[in-house]
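# Residue-level structure breakdown
Each chain, written out:
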Amino acid sequence: MATEVHGAEAVIEEGEGVRRRDFINVAAVSFAGVGGLAVLGPLITQMSPSADVLAQATTEVDLSAIEAGQAVKAVFRSQPLFVRHLTEKEIAEANAVDPSTLRDPQTLAERTIEGHSQWLVTMGVCTHLGCVPLGAAEGENRGEFGGYFCPCHGSHYDTAARIRKGPAPKNLVVPTYQFTSDTAILVG
Amino acid sequence: MSFPWAEHYAPKNPVMKWVDERLPLPRLVYNAVGAGYPVPRNLNYFWNFGVLAGVALTIQLVTGIVLAMHFAANAGVAFDSVEHIMRDVNWGWLLRYAHANGASFFFIIVYIHIFRGLYFGSYKAPREMVWLLGVVIFLLMMATAFMGYVLPWGQMSFWGAQVITGLFAAIPIVGEPIQTWLLGGFAPGNAALNRFFSLHYLLPFVIAGVIVLHIWALHIPGSSNPTGVEVKGPQDTVPFHPYYTAKDGFGLAIFLLIFAAVVFFAPNALGHPDNYIPANPMSTPAHIVPEWYFWPFYAILRAFTMDLAIPFTGIVIIPAKLLGVLAMFASILLLFFLSWIDTSPVRSGNYRPLFKKFFLLLVLDVLVLGYCGGAPAEEPYVMISQIAAAYYFAHFLIILPLICIYEKPSALPGSITEAVLAKSKFKGERDALPGTGSDLQPTGQA
């Protein structure tokens, strides 16, 4: 815009270089631009999770009633959370795998908390497209590797909830959590 | 904006004359869809689908606006409010079934409209802008349809929202924050439902606006026609009204007949029973698929099961999930470049013997993709969709440019009128030949 004005008036003024009007144009457009950008901020960030959604960001789970071999589904950030009490056999199966052969190489020890390695806490959200895998409830299909199986697109997870077969790119996510006592965890 | 021989608006009614002098809206309508718009005289029934798409959008707008008077966009009550519409609201079931099936019919019409354009070369100069705006409309339609499907807050609604926003999570680094931002939470919830409702209400009007641009751009060169030969004189055209208003009206009657048959006798045939189960974030339906009109693209998304990696090193360049997402978006974005990929000067597929064959293969390929997209993600469907997805891209990126080099088009008619007369002359001669007319066939009684 500024150049058009310059072109039109150059004939009248017969002068080159910066004129007062150029400065006013640039200043006005810059001012309006900064103002416009400042308005965009609230318009965009209003879509981010609101305070009440963020307030649900921690969950407590009581582990005392979960027998070895059993799993429970809890809710963390409105998403399913799998808490699984691994048996000796399942731990042995998970440790028998060479991590370097895996798509997302991790050992069971890296996916559990030291001293509580029988407790496998993961999100129940398939890393492919976000379906809830089967295997946390009694009698559900646990897939070829005895962990979890996602029926949407056929991802198989092993007893450490690591991806072994199918389209999912990553292991089931282990959220941040801590043991508040020997039989209770605080997730988030 | 039109041909020099276009009829001029001359209002006889004094009120219209008064209005026209102050706001030339009657003139605009007359020149756009009235006698003031000269149209090639040889359009076939495939040219009905533009008008039909406009009618389908109108049906969606009207039923949608009244449905919004009864729907509550809150995760706690959305499902119940849809059931309230179905059971309690006067004629609510009709409005909702018309709206839900109206979306399907809108897509059927638009798919035929797109393939009409693909076959008759409607995307070629000087109509590139018409085509580009058409692809924009198609993308907006997909977004609108997806968000509308989320609103009843059933199982398919919820998991559709989860999977589709999950596509954005495939983008490296910024993907997951983008998904959280889109949903307004860590999983689909009230925030997502509410914003989808807001946008689902907004986008149809944006579509209507882009349609105005689409028609505006169309009316500069005027409509194409089945021969692909441009209009050369007044003898090649007829006024839009009454000729094509009548022809479109007939097509519209047929469309409404089929639409009504589905709405009244098979209203759930195109839907999923799972969406009559309230959304449950703790349990995914066993067989999760999008609505049928997304199946070809869903098949392309799922066709990528292997990471793009440097051989023998295990270094992954692009993970399979991101590849699928990129391919799915690319399959549509590719259409933006079509006007420049197909360099053949001949527009109509009728005069392109090689193109015609590969066009039919493309139609078949998209149908195969659609079938696989609706099937469970297991063999043989995965492998078939991989082949079909590869062929889809090969058609546009390899086959089409090669056709343009090697094809020898057949002779074009000198003009639209010449093509029309040649056809009727042939027909007249055939009818005149003794013994071939139907009235001369021997019957059992003779």
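Residues numbered from 1 in each chain as written. Chains lettered and ligands numbered in written order. Predicted model: local features only at pLDDT ≥ 70, side-chain atom pairs only at ≥ 80, totals over all residues.

## Quick look at the overall build of chain A
- A count of helical and extended segments in chain A gives 4 helices and 9 strands.
- Counting helices and strands in the order they occur from the N terminus, chain A gives α-α-α-β-β-β-α-β-β-β-β-β-β.
- Radius of gyration (C-alpha) of chain A: 28 Å, far over the 16 Å computed for a compact globule of 188 residues.
- Relative to its full complement of 188 residues, chain A shows a buried share of 31%.
- Restricting the contact set of chain A to residue pairs at least 6 apart, pairs at least 24 apart contribute 46%. (Helix = DSSP H or I, 4+ residues; strand = E, 2+ residues; numbered from the N terminus. Rg over C-alpha atoms; globule rule 2.2 N^0.38 Å. Buried ≥ 20, exposed ≤ 12 C-beta atoms within 10 Å, placed from the backbone. Contact = placed C-beta atoms within 7 Å.)

## Focus: the overall build of chain B
- Scanning chain B from terminus to terminus reveals 16 helices and 4 strands.
- The burial tally for chain B puts 38% of its 446 residues in the buried class.
- Taking the contacts inside chain B whose residues are at least 6 apart along the sequence as the reference set, 75% of them involve residues at least 24 apart.

## A word on the sheet that holds strand β3 (residues 79–85) of chain A
Residue and element names in this part refer to chain A.
- Pairing is antiparallel in the open sheet, where 3 strands are placed in the order β2-β3-β4. Of all strands in the sheet, those with a lone pairing partner are β2 (71–76) and β4 (119–123), marking the two edges. On average, each strand axis in the sheet is tilted by 25° relative to the strand beside it, whichever way the strands run.
- Here β3 runs beside β4; their pairing, made up of 5 bridges, is antiparallel. Along β4, the bridge assignment pairs histidine 85 with tryptophan 119. (Pairing = 2+ DSSP bridges. Axes fitted to C-alpha atoms, helices over the stretch in contact; angles between N-to-C directions.)

## With respect to helix α10 (residues 240–265) of chain B
- Between the first and last C-alpha of α10 of chain B there are 35 Å, a value that for 26 residues agrees with the 38 Å anticipated at 1.5 Å per step.
- When α10 of chain B is considered as a whole, its buried residues turn out to be Phe240, Tyr244, Asp248, Phe255, Phe259 and Val263 of chain B. (Expected span 1.5 Å × (residues − 1).)

## Describing the domain arrangement of chain A
- By the assigned domains, chain A splits into domain 1 (2–45) and domain 2 (53–187).
- On a C-alpha basis, the centres of domain 1 of chain A and domain 2 of chain A stand 58 Å from each other. (Domains from an automatic or database assignment.)

## Describing the domain arrangement of chain B
All names here are of chain B.
- According to the domain assignment, chain B contains domain 1 (21–277) and domain 2 (289–423).
- Between the C-alpha centres of domain 1 and domain 2 the distance comes to 23 Å.
- In this assembly, 33 residues from domain 1 lie in contact with 28 residues from domain 2.
- For the side of domain 1 that touches domain 2, the secondary-structure elements that each account for two or more residues are α5 (92–119), α6 (128–150) and α7 (155–168).
- Counting residues per element, the side of domain 1 that touches domain 2 draws most heavily on α6, at 7 residues.
- Classifying every residue of the side of domain 1 that touches domain 2 by side-chain character gives 19 nonpolar, 9 polar and 5 charged. (Nonpolar A, V, L, I, M, F, W, Y, C, P; charged D, E, K, R; others polar.)

## A word on the nonpolar core
- Counting 110 residues, the largest nonpolar core has Phe106, Ile109, Ala299 and Leu369 of chain B as its most contacted members.
- Ignoring sequence-local partners within four residues, the contact set of phenylalanine 106 of chain B consists of Ala53, Ala56, Leu57, Gln60 and Met141 of chain B. (Core = buried A, V, L, I, M, F, W, Y, C linked by C-beta atoms within 7 Å.)

## Quick word on the interface of chain B and chain A
- With 26 residues of chain B in contact, the opposing surface of chain A contributes 21 residues.
- Elements represented by at least two residues in the side of chain B that touches chain A include exactly α7, α8 (175–183), α9 (190–219) and α12 (320–333) of chain B.
- Broken down by element, the side of chain B that touches chain A gets its largest block of residues, 4 residues, from α7 of chain B.
- Considered class by class, the residues forming the side of chain B that touches chain A number 13 nonpolar, 9 polar and 4 charged.

## Observations regarding helix α14 (residues 353–374) of chain B
All names here are of chain B.
- Taking 1.5 Å per residue as the helical rise, α14 with its 22 residues ought to reach 32 Å, and the 33 Å between its terminal C-alpha atoms agrees with that figure.
- For α14, the set of buried residues is Phe355, Leu362, Asp365, Val366, Val368, Leu369, Gly370, Cys372 and Gly373.
- The inward-facing, buried residues of α14 abut α11 (295–303) and α15 (381–406).

## Re the environment of alanine 160 of chain A
- Following the sequence through the fold, alanine 160 of chain A ends up in the loop between β6 (155–158) and β7 (163–165).
- Aside from chain neighbours lying at most four places away, what touches alanine 160 of chain A is Ala94, Leu108, Arg111 and Leu120 of chain A.

## Some remarks on unusual backbone geometry
- With an omega dihedral of 5°, the bond running from alanine 125 of chain B to proline 126 of chain B counts as a cis peptide bond.
- Mapped onto the elements, proline 126 of chain B comes out in the loop between α5 and α6.
- Note the cis peptide between histidine 241 of chain B and proline 242 of chain B, where omega equals 10°.
- Phi is positive for alanine 161 of chain A, close to 60°, though the residue is something other than glycine.
- Its place among the elements puts alanine 161 of chain A in the loop between β6 and β7.
- Even without a glycine there, the phi angle at tryptophan 153 of chain B is positive, about 55°.
- The residue tryptophan 153 of chain B is located in the loop between α6 and α7 in this model.

## Structural notes on the pairing of strand β5 (residues 146–150) of chain A
Residue and element names in this part refer to chain A.
- β5 sits mainly inside the fold: 4 of its 5 residues count as buried.
- As paired strands, β5 and β6 are joined by 4 bridges and run antiparallel to one another. When the bridges of β6 are listed, phenylalanine 149 appears paired with histidine 156.
- Between β5 and β6, which follow one another and run antiparallel, lie 4 residues, and glycine 154 among them has a positive phi close to 75°.

## Quick notes on the sheet that holds β7 of chain A
Residues and elements named next belong to chain A.
- Across the sheet, 3 strands lie side by side as β5-β6-β7; this open sheet has antiparallel pairing. Pairing within the sheet leaves two strands with one partner each, and these edge strands are β5 and β7. Taken over all neighbouring pairs, the strand axes of this sheet differ in orientation by 35° on average, direction set aside.
- For β6 and β7, the ladder comprises 2 bridges, and the chain directions are antiparallel. Looking across to β7, one finds that tyrosine 157 is bridged to isoleucine 163.

## Some remarks on the packing of helix α1 (residues 14–22) of chain B against helix α2 (residues 25–33) of chain B
Residue and element names in this part refer to chain B.
- Running from N to C, α1 and α2 cross one another at 100°; their axes reach a closest spacing of 7 Å. In terms of orientation, α1 and α2 fall into the roughly perpendicular class. Contact residues: Met16, Val19 and Asp20 in α1; Leu25, Pro26 and Arg27 in α2.
- Counted by class, the contact of α1 with α2 contains 4 nonpolar, no polar and 2 charged residues. (Parallel < 35°, antiparallel > 145°, perpendicular 65-115°, else oblique.)

## Describing the environment of alanine 57 of chain A
Residues and elements named next belong to chain A.
- Summarising the element assignment, alanine 57 is placed in the loop between α3 (51–54) and β1 (59–62).
- Given 12 C-beta atoms within 10 Å, alanine 57 falls into the exposed group.
- Residues alanine 57 and valine 187 lie 130 residues apart in sequence; the distance between their C-alpha atoms is 8.3 Å.
- Setting aside its immediate chain neighbours within four residues, alanine 57 contacts Arg77 and Gly188.

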